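# Architecture and fold: a report
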Amino acid sequence: MAKSSADDAELRRACAAAVAASGARGEEVTFSIRVAKGRGIFEKLGRLAKPRVLALTTKHSSKGEANKAFLRVLKYSSGAVLEPAKLYKLKHLTKVEVISSDPSGCTFVLGFDNLRSQTVAPPQWTMRNIDDRNRLLFCILNMCKEILSYLPKVVGIDIVELALWAKENALTLDNQVSNQDGQETSVVTQTERKVTVTVTVENDLVSQAKDEEEDMEALLDTYVMGIGEADAFSERLKQELVALEAANVYQLLESEPLVEEVLQGLDSASAAVDDMDEWLRIFNLKLRHMREDISSIESRNNGLEMQSVNNKGLVEEMEKLLERLRIPQEFAASLTGGSFEESRMLKNSLDKSCLGPLRKAYCVSLNLLLRREAREFANELRASTKAPKNPAVWLEGSNSGGQNGSSADTSTVSDAYSKMLTIFIPLLVDESSFFAHFMCFEVPALVPAGAPNVNKNRSGANDPDDDDLNLMDPDGNDIKPDNTSVELGTLNDALQELLDGIQEDFYAVVDWAYKIDPLRCISMHGITERYLSGQKADAAGFVRKLLDDLESRISVQFGRFIDEACHQIERNERNVRQTGILAYIPRFAVLASRMEQYIQGQSRDLIDKAYTKLVSTMFTTLEKIAQGDPKTADIVLIENYAAFQNSLYDLANVVPTLAKFYHQASESYEQACTRHISSLIYLQFERLFQFSRKVDELTYTIAAEEVS
């Protein structure tokens, strides 16, 4: 038998040193051998795996615990020193299978029951020759039998031949003596000798083969055949199978009286099931109606309960307001005398000189209440809105894969802003209207929200310009406000004092939404435009000014986002030399798609300006980056302009502004292609062009008759 690495004492000492260095205490290396190759991630990637060494170790416990056996896989480090790579416990070994697809028979797989994940392939190794394979497998089986008292299943190898090989070739053991300080003092030369401890394993392997042979002989005895009559036995089994298939088994079963009883029982059970299904359907319908009734009752109860709570809260606030409201005695007499009907308000009003202080006192008192309500509502709105904490970074100049833009849903942010406007804009309009009437301003009245206009003609009932906020005369007809009225200026000044400070809470909501998702400025801009288009009454001048300020603030915030995005694009120019498709090209397509989703109302102009600024910066930065390396400038332009067109093809078909830049990119792409092709042609045929140029020059310097 050829010399094997299993007989290498130096290899075994290196394995023992590696195991000791890994921190394993009390483990003894009983067997070590080199493998030709193993299956791993390197082989999947198309590269050869590094050399590996397999070592069998045992750990004997001094505390009465069971002995343990391990299979260690060791690899060579960069310094050609062995170090542990993997560890397998032999107690989990269930199968040893020799791969039949390997004609050499040197490849085998060890199956462990603790490798549950299907993505983890069982360990597979290829030995240098059959003797090395048998040495390792027999040593593994021997350790399983001696230490763990069981044998794993052996597949793909003749266990009789393995037992015979074990008798003819005994395993070689190393005898080493070490002194106390760890220095080796003597090594006995390896010799091949018979190992009596393998008798048990050989017997077990042979017994497995004998059991299988006995089972086959018992089956053949049933048909009075010998072990050498396999063909006759196979033919006999085929004939019996044909006879069984030809038999009319169903007819035999139907002739039995018990089958009739079973069929009758099945019919009765089927009828009962049908009846039960009908009952369940009826009960389900009744339960659904009952659930709907219960839900309706609960909804009405909740509405009544909410109304009761609101009424109670309103009464409490009115009582607090009345406690803080102090009216001079001379004013109280005038207020309590006569009727408060609106038609008689001017007749029963105080002296003009008394209205100023009264209006001012009213504005100061109510201003505190309105500001507190707005502040508490805005704080509660922000606290109850669930939104992502990490802001999105859309066009950061990074070459990492994937998109940095957040895909989290931030619709709750714009919904919160819309709810703020929905609650407070009508409230502020109503407060303005009430203040104008209550404090006897000589201005036309506001049409209350939802109040019918009895003089509207039927053809104009659905007029889109009719927003129920126009001024109206005493007969209910819409009229144009008198801009020259002095009272309007006084009223607007009083409304400014009444509602001043409440705009800060609206600004806080806008700033909060911008920090979460700057793109939500598009939605908020459209929502603000929709409310602004409905405010046409002069008595709601403060509300209109508030909406104008909100629209301006949203535009400024969105402009900040666009400027920062442009800075992120320009930072690509200062980075290391760029190659391939720039990161901001595909990210802009994602950004543009998200911006188109958020458009509401008349925000198209806001988005188009943003597109113009972003794409202009992108193209300018691309040209500067391309000029950094004249040799590859045209290639960089071709790749990036093509990527721009591919990513924005769908959006360019529906967005005119993007279509304009799409065509601009197409023209730049064609120009870059033309330059690149021209340079390639000139590079390939440079000498030909030089020859042609020289010929042309000769035609001017040499007469035609001199050319032979």
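Cut-offs and rules
Residues numbered from 1 in each chain as written. Predicted model: local features only at pLDDT ≥ 70, side-chain atom pairs only at ≥ 80, totals over all residues. Heavy atoms only, no water. Helix = DSSP H or I, 4+ residues; strand = E, 2+ residues; numbered from the N terminus. Buried < 20%, exposed > 50% of the residue type's maximum accessible area, 1.4 Å probe, protein only. Contact = heavy atoms within 4.5 Å. Lys, Arg positive; Asp, Glu negative; His and termini not counted. Salt bridge = Lys/Arg side-chain N within 4 Å of Asp/Glu carboxyl O. Pairing = 2+ DSSP bridges. Axes fitted to C-alpha atoms, helices over the stretch in contact; angles between N-to-C directions. Phe/Tyr/Trp six-rings, centres within 6.5 Å; stacked < 30°, edge-to-face > 60°. Core = buried A, V, L, I, M, F, W, Y, C linked by side-chain atoms within 4.5 Å. Expected span 1.5 Å × (residues − 1). Parallel < 35°, antiparallel > 145°, perpendicular 65-115°, else oblique. Left-handed = near helix turned anticlockwise from the far one by under 90°. Nonpolar A, V, L, I, M, F, W, Y, C, P; charged D, E, K, R; others polar. Patch = residues over 30% accessible without salt bridge, like charges linked within 9 Å, V, L, I, M, F, W, Y side chains within 5 Å. Areas by Shrake-Rupley, 256 points an atom, 1.4 Å probe, with all protein chains shown as cover. pLDDT = per-residue confidence, 0-100.

### A closer look at the overall build of the protein
In terms of regular secondary structure, the protein is built from 22 helices and 14 strands. A buried classification covers 35% of the 708 residues belonging to the protein. Intrachain contacts of the protein at a sequence separation of at least 6 include 67% that bridge at least 24 residues.

### A few points about the side chain of Glu431
Looking at the element boundaries, Glu431 is found in helix α12 (residues 411–438). One buried charged residue, Glu431, remains without a salt bridge, the closest side chain of opposite sign being Arg372 at 13 Å. With residues up to four places along the chain from it excluded, the contact list for Glu431 reads Tyr362 and Leu366.

### Things to note about the sheet that holds strand β1 (residues 27–35)
Spatially, 4 strands are ordered β1-β3-β4-β5 in an open sheet, and the strand pairing comes out antiparallel. Strand pairing shows two members of the sheet lacking a second neighbour, β1 and β5 (82–89), which therefore form its edges. Taking the axes of each pair of neighbouring strands and ignoring which way they run, one obtains an average angle of 25° across the sheet. Where strand β3 (residues 52–59) and strand β4 (residues 68–76) come together, 8 bridges link them in antiparallel fashion. Looking across to β4, one finds that Val53 is bridged to Leu74. Strands in contact with helix α1 (residues 9–21) are β1, β3, β4 and β5; relative to β1, the strand with the most contacts, it is inclined by about 125°. Here helix α3 (residues 130–147) sits on the sheet in contact with β1, β3 and β4, set at roughly 20° to β3.

### Observations regarding the packing of aromatic side chains
Throughout the structure, instances matching the rule amount to 15 aromatic pairs. Seen in terms of ring centroids, Phe377 and Phe424 are 5.4 Å apart; in terms of plane orientation they differ by 65°. Their pairing is edge-to-face. Highlighted residues: Phe377 in helix α11 (residues 352–384) and Phe424 in helix α12, separated in sequence by 47 residues. Relative to Phe644, the ring of Phe619 lies with its centre 5.1 Å away and its plane at 70°, an arrangement referred to as edge-to-face. With Phe619 in helix α18 (residues 604–627) and Phe644 in helix α19 (residues 633–647), this residue pair connects regions lying 25 residues apart in the sequence. Overall, the relative accessible area of 0% leaves Phe644 in the buried class. Here the aromatic residues Phe588, Tyr611, Phe619, Tyr641, Phe644 and Phe661 are joined through ring pairs into a cluster of three or more.

### Quick word on the nonpolar core
Phe435, Phe558, Phe588 and Phe644 are the most contacted members of the largest nonpolar core, which totals 90 residues. Top contributing element to this core by residue count: helix α16 (residues 541–570), with 12 residues. If you look at the next biggest cluster of nonpolar residues, it comprises 33 residues, including Phe31, Leu54, Leu137 and Ala166.

### A short note on the sheet that holds strand β7 (residues 107–112)
As summarised here, the arrangement of the 5 strands in space is β2-β8-β7-β6-β9, forming an open sheet in which the pairing is mixed. Across the chains shown, the open sheet's two edge strands, defined by having one partner strand only, are β2 (37–38) and β9 (153–155). Bridging between β2 and strand β8 (residues 124–126) involves 2 bridges; their strand directions are antiparallel. Residue Lys37 lies in a different strand from β8, and its bridge partner there is Thr126. Contacting β6 (93–98), β7 and β9, α3 crosses the sheet at an angle of about 160° to β6.

### Looking at the pairing of β5
Bridge count for β4 against β5 is 7 bridges, and the pairing is antiparallel. Each bridged residue has a counterpart across the sheet, and for Leu74 the counterpart in β5 is Pro84. Following β4, the chain reverses through 5 residues before pairing antiparallel with β5; Ala80 in that reversal takes a positive phi of roughly 60°.

### Focus on unusual backbone geometry
Phi at Ser149 takes a positive value of approximately 60°, unusual for a residue other than glycine. As for its placement among the helices and strands, Ser149 is situated in the loop between α3 and β9. Judged by its relative accessible area of 57%, Ser149 falls in the exposed class.

### Quick notes on helix α21 (residues 656–684)
Counted at 1.5 Å a residue, the expected span for α21 with its 29 residues is 42 Å, and the 42 Å between its end C-alpha atoms agrees. Those residues of α21 that sit buried are Thr657, Leu658, Ala659, Phe661, Tyr662, Ala665, Ser666, Ser668, Ala672 and Cys673. Buried residues along α21 sit against α17 (584–598), α18, α19 and α20 (649–652).

### A short note on the packing of α18 against α21
Where α18 meets α21, the closest approach of the two axes is 10 Å, and the angle between their N-to-C directions is 15°. By the angle class used here, α18 and α21 are roughly parallel. Seen from above, α18 lies across α21 with right-handed handedness. Residues Asp608, Tyr611, Thr612, Val615, Ser616 and Phe619 of α18 pack against Thr657, Leu658, Phe661, Gln664 and Ala665 of α21. Across the contact of α18 with α21, the residue classes break down as 6 nonpolar, 4 polar and 1 charged.

### Describing the side chain of Asp132
Of note, Asp132 is situated in helix α3. Not counting residues up to four positions away in its chain, the partners in contact with Asp132 are Ser4, Ile33 and Met127.

### Describing a nonpolar patch on the surface
On the surface, Ile677, Ile681, Tyr682, Phe685, Leu688, Phe689, Phe691 and Val695 cluster together into a nonpolar patch covering about 750 Å² of accessible area. Of all the secondary structure elements, the ones that give two or more residues to the nonpolar patch are α21 and α22 (686–701). Of all the elements, α22 adds the most residues to the nonpolar patch, at 4 residues. Locating Phe685 in the fold gives a position in the loop between α21 and α22.

### A look at the confidence of the model for the protein
Taken residue by residue, the protein gives an average pLDDT of 77. The fraction at 70 or more is 72%. Confidence drops under pLDDT 50 across residues 171–197; counting only partners more than four residues distant or on other chains, this segment forms 44 contacts. When the criterion is pLDDT under 50, residues 397–404 qualifies, and its contacts beyond four places in sequence or with other chains add up to 15 contacts.

### Some points on the packing of α12 against α16
Contact geometry for α12 and α16: axes closest at 10 Å, N-to-C directions at 155°. The pairing of α12 with α16 is recorded here as roughly antiparallel in orientation. Where α12 abuts α16, its residues Tyr417, Leu421, Ile425, Leu428, Val429 and Ser432 lie against Val543, Leu546, Leu547, Leu550 and Ile554. The residue inventory of the contact of α12 with α16, partitioned by class, reads 10 nonpolar, 1 polar and no charged.

### What about the environment of Leu325?
If you trace the backbone, Leu325 turns up in the loop between α8 (257–324) and α9 (329–336). Separated by 36 residues in sequence, Leu325 and Ala361 place their C-alpha atoms 8.3 Å apart.

### Details of the pattern of salt bridges
If you walk through the whole model with that rule in mind, you get 15 salt bridges. Residues Glu10 and Arg13 are paired through a salt bridge, measuring 2.4 Å at the closest nitrogen-oxygen approach. Of this pair, Glu10 and Arg13 both sit in helix α1, 3 residues apart, which is roughly one turn of that helix. Owing to a relative accessible area of 25%, Arg13 belongs among the partly exposed residues under this scheme. Notably, a salt bridge pairs Arg675 with Asp634, separated by 3.1 Å at the nearest N-O pair. Taken together, the residues Arg675 in helix α21 and Asp634 in helix α19 connect sequence positions 41 residues apart. On the basis of relative accessible area, Asp634 is assigned to the buried category, the value being 16%. It is possible to trace a salt-bridge network through shared partners that takes in Glu596, Arg604 and Asp608.

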